[in-house]
Amino acid sequence: MLPMRNATRNGLMMTELIVAATLLMTALSLVVTLSFRTGKLWQESRHYKLAVEELTNQLERLTILDETELDAALGELAVSEKMQTALPNPRLSGTKIVDADVTRVMLEIEWDRVGKSEPLTLVGWLAPTVEEQP
Amino acid sequence: MTKQRGFTLVEMLAVIAVGSVLLVLATSVVQRAMKLNSQWRTHADVTRALTRLSHDLRRDAHEANGVTVTQEPGEIQFSLPDGQTVRYTIADDEIVRVLEIPGQQSQREYYKKPVEYQATMTSLSSPERIDLQITRDLKTSGVPPRTVMHVEAQVGRLLRLTQTKEPTP
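In this report, we go over the structure that sits alongside the text.

### Side note on the interface of chain B and chain A
Move 1: Counting residues at the interface gives 16 residues for chain B, matched by 16 residues for chain A.
Move 2: Elements represented by at least two residues in the side of chain B that touches chain A include exactly strand 8 (146-154) and helix 2 (157-165) of chain B.
Move 3: Element by element, the count of residues in the side of chain B that touches chain A is highest for strand 8 of chain B, at 7 residues.
Move 4: Considered class by class, the residues forming the side of chain B that touches chain A number 6 nonpolar, 7 polar and 3 charged.

### Overview of the nonpolar core
Move 1: L57(B), A61(B), A119(B), I130(B), L132(B) and I134(B) are the most contacted members of the largest nonpolar core, which totals 22 residues.
Move 2: If you list the elements that add at least two residues to this core, you get helix 1 (9-63), strand 2 (75-79), strand 3 (85-90), strand 6 (117-124), strand 7 (129-136) and strand 8 of chain B.
Move 3: Sequence-distant contacts of I130(B), that is, excluding residues within four places in its chain, are made with A61(B), V67(B), I76(B), M121(B), S123(B), A153(B) and V155(B).
Move 4: The next biggest cluster of nonpolar side chains, apart from the first, holds 11 residues, and it includes L50(A), M83(A), L87(A) and V105(A).

### Section: helix 1 (residues 14-62) of chain A
Move 1: Taking 1.5 Å per residue as the helical rise, helix 1 of chain A with its 49 residues ought to reach 72 Å, and the 71 Å between its terminal C-alpha atoms agrees with that figure.
Move 2: Among the residues of helix 1 of chain A, those classed as buried are L50(A), A51(A), E53(A), E54(A), L55(A), N57(A), Q58(A) and E60(A).
Move 3: Turning to helix 1 of chain A, the residues buried within the fold contact helix 3 (81-86), strand 2 (103-110) and strand 3 (120-125) of chain A together with strand 8 of chain B.

### Some thoughts on the sheet that holds strand 3 of chain B
Sheets are built from strands that pair by backbone hydrogen bonding, the pairs being arranged parallel or antiparallel.
Residue and element names in this part refer to chain B.
Move 1: Read across the open sheet, the 5 strands follow the order 1-2-3-4-5; overall the sheet is antiparallel. Bordering the open sheet on either side are strand 1 (66-70) and strand 5 (107-112), each of which pairs with just one other strand. Taken pair by pair, the neighbouring strands of this sheet meet at an average axis angle of 15°, ignoring direction.
Move 2: Bridge analysis of strand 1 against strand 2 gives 5 bridges, and the strand direction is antiparallel. In the sheet register, T70 faces strand 2, and the bridge partner there is E75.
Move 3: Of the strands in this sheet, strand 2, strand 3, strand 4 (94-100) and strand 5 are in contact with helix 1, which crosses strand 5 at around 135°.

Analysis parameters
Residues numbered from 1 in each chain as written. Chains lettered and ligands numbered in written order. Predicted model: local features only at pLDDT ≥ 70, side-chain atom pairs only at ≥ 80, totals over all residues. Contact = placed C-beta atoms within 7 Å. Helix = DSSP H or I, 4+ residues; strand = E, 2+ residues; numbered from the N terminus. Nonpolar A, V, L, I, M, F, W, Y, C, P; charged D, E, K, R; others polar. Core = buried A, V, L, I, M, F, W, Y, C linked by C-beta atoms within 7 Å. Buried ≥ 20, exposed ≤ 12 C-beta atoms within 10 Å, placed from the backbone. Expected span 1.5 Å × (residues − 1). Pairing = 2+ DSSP bridges. Axes fitted to C-alpha atoms, helices over the stretch in contact; angles between N-to-C directions.

Structure below.
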């Protein structure tokens, strides 16, 4: 049977409806996922920036101490009050590294993040004392 | 059988109704996309300005040999070597840095911030430090302001390091 020319169509085929609905649902789910992902990314970058600032602030305080004071300060090392509320469950740890002629402080901060992430690390060198000058 | 020409009123009404719904949906999607784009741009601008501010404040604090903090209006003044002074003043929508060099015109720098961002400056002791905190009020009851930036810079750090490097008599 030959197809009819100029045949009038009333309504839509079920296949067309299903295709349209599928496309609409895919587009919607993409937009929703992207919105959530964008929000999460903003939050992660804000947390990362705050963590770097926290390490910098702590290192500024620690690197002017002499070695004896540094040991005591590392023993009492704690995340600042402001960061305890700004970052989710932050953990701060510090290590003194004594090389041949210089002493370094290595600070590490961790906080609850999605997925497995390495802790953020920052290293600072102790300011040389007058006696250590050549 | 009579051939139908044109549309009935019911068909027209149905088409107009469906078209209106689609138009409203499309408009809201476009509006949302434009709002999101604007938010992204503001966020990027604020992040850049605050990073610059953090860097400049630390550098000025490290180079300073003295500091004065005034709470009303929020202001920090650093005294630099050679008689220079740097003043940071908090306004509603910006933080201004003014560098005064004796015998020269003062230099101004502006760090834009949205009005809902609150900045507080405090002075800390042992060792002497400057604390600048910027928070964002989310305007949601029960939710505390969110910390956006927290800088604790040691005053006179460079001066101290330079002094230790000078040979002792």
